[in-house]
Amino acid sequence: MTRAIRVLFGAMLISFHARADLVGFVGCMVLRRSAEVVVLPDYPQSAISRGVAGIVVVQVRYGPGPTVNSVRVLDAPDQETASATVEAVKKWKFRTPPIASTKGPGEKSGRLIFYFRIVNGKPAVVDAAGEAMRTSPNPK
Amino acid sequence: MERLNRLIKEAIVVIVAALVVTVAAGAAFTWYAHSHSAATAKKTIMPELSVGDPVKVNGSLLSGGSMAILLITSPTCRYCLASKQFHKTLSTEAAANHVPLYIAVPSKKTSELYLKTAEITGDQKSWSDLGFRITGTPTLILIDSTGAARAILVGQLPPASEMEVLKIVQDPSQIKAAGFTDGRMRLSVAQYTDFRKSQKTVLIDVHEREEYKILHRDGAINIPIIELPIRASFELDRSSLVVVDCSQYSTAKCDAIMKTVSRLGFKSAALSEGVLVNSCKVSRAID
């Protein structure tokens, strides 16, 4: 009997910890909408001179507070653009999106997409979701 | 005590012998079933039907007035049973609107009772009469006045698609409506290869990067599902037909992806080879 109670108690502890470790995954737009402080990455000079362009996708974890807990690069044309993006995204601040409250009390996680482009010799970094929000304020 | 020991030993020997016999019989059966199915499969290399292909049964075109419907079903397929009510409504609507409904079943004899109890009425055909390969059941093929397939719907349909089919049956002139055929257009790999020669297409693979790295089709652009709503407008050409590689997805998931692509203002089609998840696999080859 005592053993059964111990096992039950252990299982409860494990499930409690698992619950605390839950990460609420949010869509790109939801994540971007919940950003309060946005810092765009700088286009590294060496990348510009080498003509490096492309997409950088990062997985961001934040919460329960507004600051970014971690940034993981999923896709990048080179190391420099990846590092520049990570440095910039670490400065972002988020508010807890309403939808995430149903997805557990722990961290929130989502993706941010940036395009590093050189158009007519001019370098530009585009925050894709931010641009989508600007052109279509309420995309479904 | 000695007798008891002997009895236990004998019992163990009998159990072990029974186990050996069972395993041997199982292995023999599996080997036979596998070799038999492989042998029969080799007999029939039927082409897969795609949108635009003529639908032939016993060598002749299926057509009737402005449109016709071919329903491929099976009494042993659970997704067919789940779609029973829709198929009944479809047969009622088809009869009311004078749209010929052909029902292809594995065997007319064994399927008669099923169709009778399900109240699905139509011109019965046998699977072996079909001039193309069945990828899964249920399959619903909408055929236009020329006898060509305008839509091939494999698997249990979501309610919205069922409604769409019924609307077309009520007003057959809608069969050529681009929204439906584009939204549910399914291309085999061979058809896609032909299609891209005549039309601007872009093939997208919506798996995650890790999965894409392991396996992807030549020329496919990797845009994971979660990034699709954002990246589509930046990376895809609106004048191109966006072909989504749906080979590994269920009909419902494939529909959801294609809906997303259509909602973003792109013409979409699904590249589907093999059997979709919410349809029953047709494992037995047709002679």
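Each value, and the rule that gives it
- Note on numbering: residues in each chain are counted from 1, in written sequence order.
- Starting at A for chains and at 1 for ligands, labels are handed out in the order in which the entities are written.
- Totals for whole chains, interfaces and linings use every residue, but because this is a predicted model, local features are given only for residues with pLDDT of at least 70 and side-chain atom pairs only at 80 or more, for both listing and counting.
- Axis lines are fitted through C-alpha atoms, for helices just across the contact stretch, and the angle between N-to-C directions can take any value from 0 to 180 degrees.
- A run of DSSP states H or I qualifies as a helix once it reaches four residues; a run of E qualifies as a strand once it reaches two. Both are numbered from the N-terminal end.
- In these notes the angle categories are as follows: under 35 degrees is roughly parallel, over 145 is roughly antiparallel, 65 to 115 is roughly perpendicular, and the rest is oblique.
- We call two residues in contact whenever the C-beta atoms placed from their backbones are within 7 Å.
- Polarity classes work like this: nonpolar for Ala, Val, Leu, Ile, Met, Phe, Trp, Tyr, Cys and Pro, charged for Asp, Glu, Lys and Arg, and polar for all others, with Gly in that last group.
- The pLDDT value tells you how sure the predictor is about a given residue, anywhere from 0 up to 100.
- The sense of a crossing depends on the near helix, which, turned anticlockwise from the far helix by less than a right angle, makes the crossing left-handed and, turned clockwise, makes it right-handed.

Draft legend 1. View of the packing of helix 5 (residues 128-135) of chain A against helix 9 (residues 228-235) of chain B. Closest axis-to-axis distance for the helix 5 of chain A/helix 9 of chain B pair is 10 Å, and the angle between their directions is 80°. One finds that helix 5 of chain A runs roughly perpendicular with respect to helix 9 of chain B. Along its contact with helix 5 of chain A, which presents A:Ala128, A:Ala129 and A:Ala132, the element helix 9 of chain B presents B:Ile230, B:Arg231, B:Ser233 and B:Phe234. Class assignment for the residues of the contact of helix 5 of chain A with helix 9 of chain B results in 5 nonpolar, 1 polar and 1 charged.

Draft legend 2. Quick look at the confidence of the model for chain B. All names here are of chain B. Per-residue confidence for chain B gives a mean pLDDT of 79, with 84% of residues at or over 70. Note on residues 178-183: pLDDT under 50 across the span, and 12 contacts to partners over four residues away in sequence or across chains. When the criterion is pLDDT under 50, residues 283-287 qualifies, and its contacts beyond four places in sequence or with other chains add up to 11 contacts. This complex was scored by the predictor with a pTM of 0.56 and an ipTM of 0.77.

Draft legend 3. The interface of chain A and chain B, seen in detail. With 13 residues of chain A at the interface, the matching set in chain B holds 8 residues. Secondary structure elements with two or more residues in the side of chain A that touches chain B: helix 2 (28-33), strand 4 (68-75), strand 6 (107-119) and helix 5 of chain A.

Draft legend 4. Up close: the packing of helix 3 (residues 84-96) of chain B against helix 5 (residues 159-170) of chain B. Residue and element names in this part refer to chain B. It is at 9 Å that the axes of helix 3 and helix 5 come closest, and there the two elements cross at 10°. In terms of orientation, helix 3 and helix 5 fall into the roughly parallel class. Crossing handedness for the pair helix 3 and helix 5: right-handed. When helix 3 is examined against helix 5, the residues Phe86, Thr89, Leu90, Glu93 and Ala94 are found in contact with a partner set consisting of Glu162, Val165, Leu166, Val169 and Gln170. In the contact of helix 3 with helix 5, the residues fall into 6 nonpolar, 2 polar and 2 charged.

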